[in-house]
Each structure stands twice: as structure tokens, then as C-alpha cells.
Amino acid sequence: MRRRTKPGRRLTGATIPAASARVVAAILLVASPLPALADRAYVTCQNGTALSVLDLTSGAEVARWSVPGQPAGVAVAASGAIYTVAADSKTIRRHDRTGQVLAEVTLDGGPIGIAHDESRGRIFVSDWYNARIWVLADQSLEPLQELTTGAAPAGLALSPDGRFLASADRDADQVSIFDAGTLALLHRVSVGTRPFGLRFAPDGRLFAGNVGSDDLSILDPGSGARLATVPVGARPYGVAFAAGRAFVTNQYEDTLSVIDLATLKDLGRIDVGEYPEGIDTTAEGTRIVVANWFENTVTVVDTQSLQVVAVLDTCDGPRAFGRFIAGTAD
């Protein structure tokens, strides 16, 4: 049963209700310009078997691709490729920026999360059903290797320096950390209850959102130490970073938690759309973009003022589970 309450401290002046946000979006886009043309969001829509391409400068959907099989996972490469994970059909695809499918593979399992190691030419895909990560060649999508994780791996993340690959092993209440070069297992770290999304901060720390215990686990990937546990909102799903802060999507509150990276202090919450999931940062770090699964929108937040500056329509059921903005900042 969905919970509709929204407990927790709000950031003063940070909220624009969804209905009115659409009315004022055009004004805000002029008054508070969105990032450069290089920033486009590639938002996978699971219910609609589609992908919305959003121009974050104009605030318009500029294309909509058919992606059969209920896509959720996504990874956008600097080279121009867009990778999608269609959970229902178990299909991984490599698209160009026009949506043309350049390669695809069907995997026997439960693919969900994805991460791209561009420097080494590899794609990592988590297998929810079989406690493993597939390693694929990023051009042909040919399977190369399998890595063992804990039960029900979901989110995957590669560290900004390329040293570490991490997996949120939801049903094991742990995070697996691998050497991204050799693919050797380094650590299995106990975290909160049912970790799902995770991402490395610019300073190298690893943040995992625990949907069952409503908190973040913050890890040192080198030592495997758990550095801190930080309470957030109800059912934290994804995390992104900008302007010295962590932003966490809280599915059951329709909010973002804002955490100071230096002190780990809770700075409050920002109202977004219904059931927020995927989250990413624009190249300049000036905007956070949040996919609202139950509302068919993305919310755009200014990372300095912490104001909602636009709400943009998408295809049906946007999840955007991964790195979905071209030119994404680390």
C-alpha cells in the first residue's frame, strides 16, 4: 500500500506544486536558464515501453523512442551511445543519439541495473534473479564474464576515477565492491535494509540508499569501512551529487532529501513529483533532474537555490535508473 504522507522538514521556498509548476515552467525557463544544449536527458519509461529525449535547455521533449520490453535501466556514454535495459524482455540495447539500435543482446536472468566503463570498453548489468553481474563488450554487447554478488543485485556504480565497481545487493543487505580493472572482489559490506540505488560522490565515498531502513549507508570503497548512516525520507531510491550536497529520491514521500556532503547534516527536503526514482546531475552541476514514475514527469531543481525550476512531461512510467543525462557531472 502506498503511503501518501510527507513527513519531514521542508526547505523554505523550495516547493512548487506539480500542477502550478507546469503553468510557470516556460517563465522559469527564461528567468532561470537551464544548462547548455549538450545536456539532454534520456529517460526510460517502463510502462510505456519507450524513452523520452528531453532538451533541458528548451524544456521540451524532442524525441520519443520505442524501446520494447519495459525499459528501466539506462546509461549514457560520453561517446554518444545510450544503453537501455528492458527488464521484461531481458534485452540490453545500444542506441545512437537518434534512437537507432546498433546492437542488442537478450540475457537469461533478470537484468535491471547498468553501468558503463567507457575507458575499458565494458558494460556491467546486474542480474536480479541470479546474484551476478554480467560484463559485456560495450560495442557488440557480447558477454565477456560474470561476477558473483549477493542476492538481488540492483543498482550499479563505477567510481569517478575508474577504480571501483559497486553493486547494491538488495536482498543480502550488503554492497559488493570490485576492482573495476581486474574485476576481483574487494569487499562485501553490510549496510542498511534492502539497498537499491547507489553512487559514488565526487570525493570517492560511496552512498547507498536503503529502501527498507529509510537511510543512506556511506562507505569507503578502498577499505570497505562503513563510515556513517544518515536518515533520509521514506524509501530512498537513487542518489546524485551537486554543489557540495547529496540529493536522494524518497519514493514514498514524493521528495528529495538534501544532505551536506561535508557534515552529512540533513538540510531538509524538496517536494518533487509522485514516486520519484531515477536522479542525475547536469554537466555543469547546476541542475538535478528527477524522474517521477507515477506522474509521467521529470522535476528539474536548481542546485544552488534548491528551487524547482521546471516540471517536464515524459512518456508513461519514467524510471531512468542509472546515468541518464548526456554530459553528466561526476
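Residues numbered from 1 in each chain as written. Predicted model: local features only at pLDDT ≥ 70, side-chain atom pairs only at ≥ 80, totals over all residues. Heavy atoms only, no water.

For the rest of this paragraph, the subject is the pairing of strand 23 (residues 266–271). Taken together, the five bridges between strand 22 (residues 255–260) and strand 23 define a ladder with antiparallel strand orientation. Bridge pairing in strand 23 places Ser257 opposite Arg269. As consecutive antiparallel partners, strand 22 and strand 23 are separated by five residues, and within that stretch Leu264 has a phi angle of approximately 60°, a positive value. (Pairing = 2+ DSSP bridges. Helix = DSSP H or I, 4+ residues; strand = E, 2+ residues; numbered from the N terminus.)

Strand pairing in a sheet is mediated by backbone hydrogen bonds. Such pairs are either parallel or antiparallel. Across the sheet, which stays open at both edges, the five strands sit in the order 7-6-5-4-28 with mixed pairing between neighbours. This sheet does not close on itself; its edge strands, each paired only once, are strand 7 (101–106) and strand 28 (321–323). The mean inter-strand angle of the sheet, taken between neighbouring strand axes irrespective of direction, is 15°. One ladder, built from five bridges, connects strand 6 (residues 91–95) with strand 7; its direction is antiparallel. Within the sheet, the bridge partner assigned to His95 lies in strand 7 and is Val101. (Axes fitted to C-alpha atoms, helices over the stretch in contact; angles between N-to-C directions.)

With that settled, consider the nonpolar core. Note that soluble globular proteins tend to have their nonpolar side chains buried in a common cluster. Core analysis: the biggest nonpolar cluster contains 23 residues, and Tyr42 and Phe324 have the highest contact counts within it. Secondary-structure elements contributing two or more residues to this core are strand 1 (40–45), strand 2 (50–55), strand 4 (71–76), strand 25 (287–292), strand 26 (297–302) and strand 27 (308–313). Among residues more than four places away in sequence, those in contact with Phe324 are Arg40, Ala41, Tyr42, Val43, Val74, Val76, Gly278, Ile279, Asp280 and Val289. Counting 15 residues, the second largest nonpolar core, distinct from the first, contains Tyr83, Ile92, Val125 and Leu141. (Core = buried A, V, L, I, M, F, W, Y, C linked by side-chain atoms within 4.5 Å. Buried < 20%, exposed > 50% of the residue type's maximum accessible area, 1.4 Å probe, protein only. Contact = heavy atoms within 4.5 Å.)

Another point: unusual backbone geometry. Of note, the phi angle at Lys90 is positive, near 60°, even though the residue is not glycine. Positionally, Lys90 belongs in the loop between strand 5 (82–86) and strand 6. The phi dihedral of Leu264 falls on the positive side, at around 60°, and the residue is not glycine. Tracing the chain through its elements places Leu264 in the loop between strand 22 and strand 23.

Attention shifts here to the confidence of the model for the protein. Considering every residue of the protein, the mean pLDDT works out to 90; 88% of them sit at 70 or more. Contacts for the low-pLDDT stretch residues 1–9, under 50 throughout, to residues beyond four places or in other chains number 22 contacts. (pLDDT = per-residue confidence, 0-100.)

We now examine the sheet that holds strand 2. Ordered in space as 1-2-3, the three strands form an open sheet in which the pairing is antiparallel. At either end of the open sheet lies a strand with only one pairing partner, and these are strand 1 and strand 3 (60–66). On average, each strand axis in the sheet is inclined to that of its neighbour by 20°, with strand direction left out of account. Of the pairings in the sheet, the one linking strand 2 to strand 3 comprises six bridges and is antiparallel in character. Opposite Val53, over in strand 3, you have Ala63 as the bridge partner.

As enumerated under the stated definition, the model contains 14 salt bridges in all. Among the salt bridges present, the one from Arg132 reaches Glu146, with a minimum N-O distance of 3.1 Å. With a gap of 14 residues between them, Arg132 in strand 10 (residues 132–137) and Glu146 in strand 11 (residues 143–148) connect regions that are remote in the sequence. When its relative accessible area of 16% is taken as the criterion, Arg132 is described as buried. (Salt bridge = Lys/Arg side-chain N within 4 Å of Asp/Glu carboxyl O.)

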